[in-house]
Amino acid sequence: MLGQAIARRLKGQREVVSAHGKALFVLSTGRAGSLSCSRLLKLCPEVDAWCEPLDSDILYLHAIAHRCGHDEQIQAALKRGYQAARGSKVQSAWSRNLVYADTSYDQTFLAPQIAELFPNARFLHLVRNPSDVIYSGLRRGWYEGHPNDPFRVKPTEGDPIFDQWGALSNFEKACWGWNRTNTWIADFIDSRPEGTCATLNSEDLFKANPESLKTLFSMVDQAVPRAEMIEMVLKSKYGQQKKSTNDTEAEQLWAGRDRNRMDEILGNTARKYGYEI
């Protein structure tokens, strides 16, 4: 039934034949610097870089992938759906002998289908300090009536936290979402062939850390652009959050947050990437 629903939703969109060009897909929680990452990659004329985190078709597929992606028939439908939704962009880049790069966070749980569609794809895990991601999410109203909440990562039946979900605070849900997404990405990265994946901390990119920049551009087989070009992109602070009506409530929630509870939910994963709670 879900496979048919995916087909109906994407009816009329053209599927393209998968090819073997070069492609990079950035996987993250969102609010991790994906737009800045795209802008950095755009500095290379040989790279066709995109960041479209509000594509409704991809959001729909992404939510199904997380909740039902273990089912073989649904996996096949997700692959066809992704090809219909994004394939023309990939094919357009390859027809011009460009590397296709997509930094949109809302394709993260579609990574297995993407890997099957594009055998030469590379993947970059972009990790940001959970405190920054969660506070940003609270300011945006995550898990509190945000328009994209129906597509947001949630526990599936059988998950230890599934029965408790309704009683959790928005803060706890955001903590769980950061942890689940990053542990899932790490497991996926570990399953991939050596040399096809990398992991970067957002903060290192924001600071123009030379090794991090080298890693980013090596993923698309490009030299690091000139320092002044990098600085121009990073000074622009793409994706920086503007003040919103949720700010006061978010500040109160953040000021009263339970650090012990945060550590309980995501502490081990955070420390793996060098973050202290």
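Everything numeric in this text was worked out from a predicted model, so none of it was measured.

What follows deals with the packing of helix 6 (residues 130-140) against helix 7 (residues 170-191). Packed helix pairs are characterised by how far apart their axes lie and by the angle those axes make with each other. Running from amino to carboxyl end, helix 6 crosses helix 7 at an angle of 135 degrees, the nearest separation of the two axes being 10 Å. Our classification of the angle between helix 6 and helix 7 gives oblique. Along this stretch, helix 6 crosses helix 7, giving a crossing that reads as right-handed. Residues Pro-130, Val-133, Ile-134 and Leu-138 of helix 6 pack against Asn-170, Phe-171, Ala-174, Cys-175 and Trp-178 of helix 7.

Before going further, it helps to examine the pattern of salt bridges. Using the criterion set out here, one finds 14 salt bridges in the structure. Across the salt bridge formed by Asp-55 and Arg-86, the nearest N and O atoms sit 2.8 Å from each other. Placement of Asp-55 in the loop between strand 2 (47-50) and helix 3 (56-68) and of Arg-86 in helix 4 (residues 72-95) is noted, with a sequence separation of 31 residues between them. Here the two residues Asp-55 and Arg-86 agree in accessibility, since each one is buried. Its salt-bridge partner being Arg-152, residue Asp-149 comes within 2.8 Å of it at the nearest N-O pair. Residues Asp-149 and Arg-152 agree in their burial class; the two are buried. Three or more residues are tied together by salt bridges with common partners; here these are Glu-52, Asp-55, Arg-86, Lys-89 and Asp-102.

For the structure on display, the rule yields nine aromatic pairs. For the ring pair Phe-25 and Tyr-100, a centre distance of 5.9 Å and an interplane angle of 55 degrees mean the geometry is tilted. Separated by 75 residues along the polypeptide, Phe-25 in strand 1 (residues 23-27) and Tyr-100 in strand 3 (residues 99-102) bring together distant segments of the chain. Taken individually, Phe-25 and Tyr-100 each receive the classification buried, so the pair is uniform in this respect. Each residue in the set Phe-25, Trp-94, Tyr-100, Phe-109, Phe-118, Phe-123, Trp-184 and Phe-188 is aromatic and connected to the rest through ring pairs, giving one cluster. Directly above the aromatic system of Trp-50 lies the positively charged group of Lys-89, at a separation of 4.8 Å from the ring centroid. Taking NZ or CZ as reference, Arg-152 lies 5.8 Å from the ring centre of Tyr-143, over its face.

Right, let's talk about the layout of surface pockets for a bit. Roughly 200 Å³ of internal volume is contained in the second largest pocket. What lines the second largest pocket is a set of 13 residues, and nearest its centre among them are Ala-65, His-66, Gly-69, His-70 and Trp-184. If one sorts the elements of the lining of the second largest pocket by residue count, helix 3 sits on top with four residues.

Conventions used here
- Residues numbered from 1 in each chain as written.
- Predicted model: local features only at pLDDT ≥ 70, side-chain atom pairs only at ≥ 80, totals over all residues.
- Heavy atoms only, no water.
- Axes fitted to C-alpha atoms, helices over the stretch in contact; angles between N-to-C directions.
- Helix = DSSP H or I, 4+ residues; strand = E, 2+ residues; numbered from the N terminus.
- Parallel < 35°, antiparallel > 145°, perpendicular 65-115°, else oblique.
- Left-handed = near helix turned anticlockwise from the far one by under 90°.
- Contact = heavy atoms within 4.5 Å.
- Salt bridge = Lys/Arg side-chain N within 4 Å of Asp/Glu carboxyl O.
- Buried < 20%, exposed > 50% of the residue type's maximum accessible area, 1.4 Å probe, protein only.
- Phe/Tyr/Trp six-rings, centres within 6.5 Å; stacked < 30°, edge-to-face > 60°.
- Lys NZ or Arg CZ within 6 Å of the ring centre and 35° of its normal.
- 1 Å grid on protein atoms, 1.4 Å probe; cavity = no way out; pocket = protein on both sides within 12 Å on 5 of 7 lines; lining within 4 Å.
- Points joined across faces, edges and corners; volume = space filled by probe spheres on them.

Keep in mind that these numbers describe shape and distance, not what the molecule does.
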